[in-house]
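One-letter residues, chain by chain:
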Amino acid sequence: MAKQPRLAAGRARALGLPTRGTTNPNRLRRVDRWMVGSAAVREALVPGALVVDLGYGATPVTTVEMAARLRTVRPDLRMVGLELDQERVAAASDAADPPLLAFRRGGFELAGLRPVLVRAFNVLRQYSEEDALQAWDGLRGRLAPGGLLVEGTCDEIGRRCCWVLLDETGPLTFTVACKPSDLETPSDVAERLPKALIHRNVPGERVHDLLAALDDCWATAAPYAPFGPRARWVETCRMVAERGWPVLDDRRRWRLGELTVPWSTVAPASTPGSVP
Ligand SMILES: C[S@@+](CC[C@H](N)C(=O)[O-])C[C@H]1O[C@@H](n2cnc3c(N)ncnc32)[C@H](O)[C@@H]1O
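Residues numbered from 1 in each chain as written. Predicted model: local features only at pLDDT ≥ 70, side-chain atom pairs only at ≥ 80, totals over all residues. Heavy atoms only, no water.

1. Points about the nonpolar core
Burial of nonpolar side chains together is a common tendency in soluble globular proteins.
Okay, step 1: Leu54, Phe174, Trp233 and Trp263 are the most contacted members of the largest nonpolar core, which has 54 residues in total.
Okay, step 2: In terms of residue count, helix H7 (residues 206–220) provides more of this core than any other element does, 7 residues in total.
Okay, step 3: Split by domain, this core shows at least three residues from each of two domains, domain 1 (29–177) and domain 2 (181–265).
Okay, step 4: Contact partners of leucine 54, with chain neighbours within four places excluded, come to Leu82, Gly106, Gly107, Phe108, Leu110, Val118, Arg119, Ala120, Phe121, Val123 and Leu139.
Okay, step 5: Core analysis: the next-biggest nonpolar cluster, separate from the first, contains 32 residues, Leu45, Val51, Val73 and Phe103 among them. (Core = buried A, V, L, I, M, F, W, Y, C linked by side-chain atoms within 4.5 Å. Buried < 20%, exposed > 50% of the residue type's maximum accessible area, 1.4 Å probe, protein only. Helix = DSSP H or I, 4+ residues; strand = E, 2+ residues; numbered from the N terminus. Domains from an automatic or database assignment. Contact = heavy atoms within 4.5 Å.)

Structure (structure tokens):
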């Protein structure tokens, strides 16, 4: 049985483990761009939508950016950044613009809010796999009807990213997003897999098969290298789809360095704790 994430010290009702708040301007541009282009996210952003950025870090910059980007879809959305760390909440007050943009102390309980969209980026990696899966369940249960959770991880400057889209029923899709010119091979993104998958990049697990297929197609797509890394990535994705992977997106998104597949094609084959 997994240990429940403890309450942050000395404060009531904010579930989670505060950590270093590493963040950077524009770090989350790829997931924001994907959300803006996602039919599911656009549909979730109903008039007056409440959106939460969970765990925004040392500065609220990525929350401010997320609000601006999503407002191209829904100009009247209300954005709330939640942090476990009270000092980070106080420091964010200068960026607030109530009631459209607010910062509050909160954790997995979402400070009692019921948002239509939650982004939790670079938050769950510090938890155990079991705790991260419990956090998924808890967060899904706190969404408004029709709500979505986007949970993922990226490097410090947002060139290698992976995320999972979930709704109240569970995980739906898995996305890799990268700057192809930053890659030696596509499996370089493995170190940025979300917690639910990072221990699963071993033979016998589906996510390992996907990364191996990407690497193999990347090698086969070498003749496209003279046209640039982006053209090689597009061809790599086309070949992965041709091999039978049920790729959900198309050339338009591949050109942005993305690839999205159903969660079922990467879901762990075994239960947490059974793989080192
Ligand atoms: C590495 S920073 C990520 C900042 C930003 N999201 C980004 O990707 O650049 C992780 C932040 O999540 C916060 N955090 C960890 N667990 C949390 C939880 N359960 N609820 C809210 N914030 C949490 C930590 O305090 C830390 O500030």
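Still more to cover.
2. Focus on helix H8 (residues 229–242)
Given 3.6 residues per turn, any residue in an α-helix points the same way as the ones three and four places further on.
Okay, step 1: Its 14 residues place the ends of H8 20 Å apart at the C-alpha level, agreeing with the 20 Å of an ideal helix rising 1.5 Å per residue.
Okay, step 2: Buried within H8 are the following residues: Arg232, Trp233, Val234, Glu235, Thr236, Cys237, Met239 and Val240.
Okay, step 3: Where the residues of H8 are buried, they touch strand S7 (170–178), H7, helix H9 (251–254) and strand S8 (258–262).
Okay, step 4: Once H8 finishes, glycine 244 follows within two positions and takes phi at roughly 105°, a positive value. (Expected span 1.5 Å × (residues − 1).)

3. Describing helix H3 (residues 61–70)
Okay, step 1: Among all positions in H3, only Thr62, Thr63, Glu65, Met66, Ala67 and Leu70 are buried.
Okay, step 2: Its buried side turned inward, H3 meets helix H1 (29–37), strand S1 (50–54), strand S2 (78–83), strand S3 (101–105) and strand S4 (117–121).

4. Concerning the pairing of S7
Okay, step 1: Counting buried residues in S7 gives 7 out of 9 residues, a clear majority hidden from the surface.
Okay, step 2: Examined bridge by bridge, strand S6 (residues 160–167) and S7 share 8 bridges and lie antiparallel to one another. Counted as the bridge partner of leucine 166 is proline 171 from S7.
Okay, step 3: Between S6 and S7, which pair antiparallel one after the other, the connecting turn spans 2 residues. (Pairing = 2+ DSSP bridges.)

5. Re the packing of aromatic side chains
Okay, step 1: In this structure the tally under the stated criterion is 6 aromatic pairs.
Okay, step 2: For the ring pair tyrosine 56 and phenylalanine 103, a centre distance of 5.3 Å and an interplane angle of 70° mean the geometry is edge-to-face. Note that tyrosine 56 is positioned in the loop between S1 and H3 and phenylalanine 103 in strand S3, a separation of 47 residues in sequence. Neither residue differs from the other here; tyrosine 56 and phenylalanine 103 are each classed as buried.
Okay, step 3: Where phenylalanine 108 meets tyrosine 127, the ring centres are 5.2 Å apart and the plane angle is 55°; that geometry is what we call tilted. In this pair, phenylalanine 108 sits in the loop between S3 and S4 while tyrosine 127 sits in the loop between S4 and helix H5 (129–141), placing the two residues 19 residues apart along the sequence. Accessibility assignment for this pair places phenylalanine 108 and tyrosine 127 in one class, buried. (Phe/Tyr/Trp six-rings, centres within 6.5 Å; stacked < 30°, edge-to-face > 60°.)

6. Looking at the sheet that holds S6
Okay, step 1: One open sheet holds the 8 strands; their spatial order is S3-S2-S1-S4-S5-S6-S7-S8, and the pairing between them is mixed. Each having just a single partner strand, S3 and S8 make up the two edges of the open sheet. Neighbour-to-neighbour, the strand axes of this sheet turn through a mean angle of 20°, independent of strand direction.
Okay, step 2: Bridge count between S1 and S2: 5 bridges; the pairing is parallel. Looking at the pairing, leucine 54 lines up with leucine 82 of S2.
Okay, step 3: Sitting on the sheet, H3 touches S1, S2, S3 and S4, and the angle it makes with S1 is about 150°. (Axes fitted to C-alpha atoms, helices over the stretch in contact; angles between N-to-C directions.)

7. Notes on the side chain of threonine 153
Okay, step 1: As for its placement among the helices and strands, threonine 153 is situated in strand S5 (residues 148–154).
Okay, step 2: Look at threonine 153 and you get buried, because its relative accessible area is 2%.
Okay, step 3: Contact partners of threonine 153, with chain neighbours within four places excluded, come to Phe121, Asn122, Arg125, Arg160, Cys161, Cys162, Arg192, Leu193 and Pro194.

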